[in-house]
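Listed below, chain by chain, are the residues.
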Amino acid sequence: MHAIRPLPDQLINQIAAGEVVERPAAALKELLENSLDAGATQIDIDLAGGGVKLIRVADDGMGIDREDLVFAVARHATSKISSASDLEAIGTLGFRGEALASIAAVSRLALTSRSRTKPHAWRIEVDGGEVGAPQPAALASGTTVTVQELYFNTPARRKFLRTDATEFGHCEEAFRRIALSHPDTGFTMQHNASVRYRLLAQGRRARVDALLGDEFAAQAAYVDEHGPGLSLAGWVVRPAYATSARDAQYLFVNGRFVRDRVLAHALREAYRDVLHHERQPAYALWLTIEPRIVDVNVHPAKAEVRFRDSGAVHQFVRHAVEKSLASTAAEQPAVSASERLGVAAARVPPSRRAFTPGCSVTGCRCSTKLSEPSEPMDPTCPTLAIIRSASLWRSCMESSCSLKTATGWCWSTCMPRTNASSTSVSRPRLTARCRCSRCWCR
Ligand code: ADP
Ligand code: MG
């Protein structure tokens, strides 16, 4: 065996890059987290070639001073923590001080930034870990990081990249998680010069609608539970609308997307009695917890957390979700209008009452066709039902409604899967006219 010798810094950074920036999406996530930590209200993303060729993230955050630019791209240099005690209550998304150094070690990176108090911007370039001197630059505000030719100097890593389309898909997912977790920040994202997302700063509900689609939004039950030192808010999808894919499972702990076994188990348990075991619950949930009772320093990409009292958190989350699912089951008919009509994409908001033709509540638009889906609704309207649906009659629950023109549902025998699995009702007879996409009689 050879003698033991310390590794050069550049090689150390390239090794770290293997963990921190596994693929372009991971680099994008780190850059977005930095922008959010800098207090950005608007973040613009520009990608090319699935993020391998180019990732540019421009924000309007607080910026970096000229003298700090070199530290920003140095390993283990951070403005977010300074002592071991800070590690016990991390309030920022980043804290390890290694993302920019790792990305810069395996790409051609340019960091341009203008601190809010400074008259102009400065730019620093790093080519495969070689740091240049800061130069004056033009930038109105905030920070722009440009990452080009990711892994140009680590061909072994480059070989593991997939097609541009697949890598872009991963970038999109990383973007979706960040954009969902911070709805009060505006985002744009373009890939190969075509705009893919344009999200205004908005509330959680509007962001969920924009990113998770109409069906999720329409079938989701609201969760809002508070406990000592923690709270849970967001939406969980009614069991009847669960699918076999895990594609809409978003859980944020203090604004950070995590995959946590304790939380995932709590959710599965909450759905246990109402969901067929092959089906996956869909949810977008924000857990806010006292930073001192959660450790986020357990994973290089910060994708996992550890709770001080995981049993209590498990119980809290499970109870909150169970309560929300139970309340929608009580408020909604076992078979919703969309199920009866077999309108797969009908948007029926949960816990809303049936449509009544002729509603006269001021401001309520339930008797009109809505062209503007983000119109605020009148919360006092008893017929709030289906107003977000583009064509009202399709999802109307009122049997006598004259607007409803579709026929062919199986009123009496339709048995959605949840209902059948939670009670021991036997499979209903096939109804020839049934159009319900999830009906057991099919
Ligand atoms: P960390 O985020 O863990 O501190 P990074 O390597 O991601 O480590 O960033 C290093 C430092 O560079 C950050 O602590 C921060 O001070 C600064 N920085 C990076 N990106 C930005 C940005 N977009 N706006 C302002 N400061 C930034
Ligand atoms: Mg960071």
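All figures in this text were calculated on a predicted structure; none of them were measured in a lab.

## Quick look at the overall build of the protein
In terms of helices and strands, the protein carries eleven helices and 16 strands. Counting every position in the protein, which comprises 442 residues, the buried fraction comes to 43%. Within the protein, counting contacts between residues at least 6 apart in sequence, those at least 24 apart form 67% of the total.

## Examining the confidence of the model for the protein
Residues of the protein with pLDDT of at least 70 account for 73%, and the chain-wide mean is 78. Scored below 50 in pLDDT, residues 332-442 shows 187 contacts in the model against residues more than four places distant or in partner chains.

## A closer look at the site of ligand 1
Taken together, 22 residues sit near ligand 1, with N34, A38, T78, S79 and G94 positioned nearest. Counting residues per element, the ones that place at least two in the shell around ligand 1 are helix 2 (24-37) and helix 4 (99-105). By residue class, the composition of the shell around ligand 1 is eight nonpolar, nine polar and five charged.

## A few points about the nonpolar core
Counting residues in hydrophobic clusters, the biggest one holds 98 residues, and the most contacted among them are A27, L28, I103, V236, Y283 and V317. The residues that make up this core include at least three from each of domain 1 (9-202) and domain 2 (214-326). Once you skip the residues sitting within four places of it in the chain, Y283 turns out to touch G234, W235, V236, V237, Q249, Y250, L251 and L267.

## Things to note about the sheet that holds strand 13 (residues 256-257)
On the basis of which strands lie adjacent, the open sheet formed by five strands has the order 10-11-14-12-13 and mixed pairing. The sheet is open, and its two borders are formed by strand 10 (220-227) and strand 13, each paired with just one other strand. In terms of strand pairing, strand 11 (residues 230-237) meets strand 14 (residues 283-289) through seven bridges, oriented antiparallel. Within the sheet, the bridge partner assigned to S231 lies in strand 14 and is T288.

## A short note on helix 2
Helix length check: helix 2 (14 residues) gives 20 Å between terminal C-alpha atoms against 20 Å at 1.5 Å per residue, within 8%. A large share of helix 2 lies buried, amounting to 13 of its 14 residues. Backbone geometry just downstream of helix 2 places G39 in the positive-phi region, at approximately 80 degrees.

## Describing the environment of N34
Checked against the element boundaries, N34 lands in helix 2. Counting along the chain gives 59 residues from N34 to L93, while the straight-line C-alpha distance between them is 7.5 Å. The residues contacting N34, other than those within four sequence positions of it, are G94 and A99.

## Points about the packing of helix 2 against helix 6 (residues 164-181)
Between helix 2 and helix 6, the least distance of the axes is 8 Å, while the angle of their chain directions is 25 degrees. In terms of axis orientation, helix 2 runs roughly parallel to helix 6. Between helix 2 and helix 6 lies a crossing of right-handed hand. Contacts between helix 2 and helix 6 involve P24, A25, L28, K29 and L32 from the former and E167, H170, C171, E173, A174, F175 and I178 from the latter. A per-class count over the contact of helix 2 with helix 6 returns eight nonpolar, one polar and three charged.

Rules used in this analysis
Residues numbered from 1 in each chain as written. Chains lettered and ligands numbered in written order. Predicted model: local features only at pLDDT ≥ 70, side-chain atom pairs only at ≥ 80, totals over all residues. Helix = DSSP H or I, 4+ residues; strand = E, 2+ residues; numbered from the N terminus. Buried ≥ 20, exposed ≤ 12 C-beta atoms within 10 Å, placed from the backbone. Contact = placed C-beta atoms within 7 Å. pLDDT = per-residue confidence, 0-100. Near = placed C-beta within 6 Å. Nonpolar A, V, L, I, M, F, W, Y, C, P; charged D, E, K, R; others polar. Core = buried A, V, L, I, M, F, W, Y, C linked by C-beta atoms within 7 Å. Domains from an automatic or database assignment. Pairing = 2+ DSSP bridges. Expected span 1.5 Å × (residues − 1). Axes fitted to C-alpha atoms, helices over the stretch in contact; angles between N-to-C directions. Parallel < 35°, antiparallel > 145°, perpendicular 65-115°, else oblique. Left-handed = near helix turned anticlockwise from the far one by under 90°.

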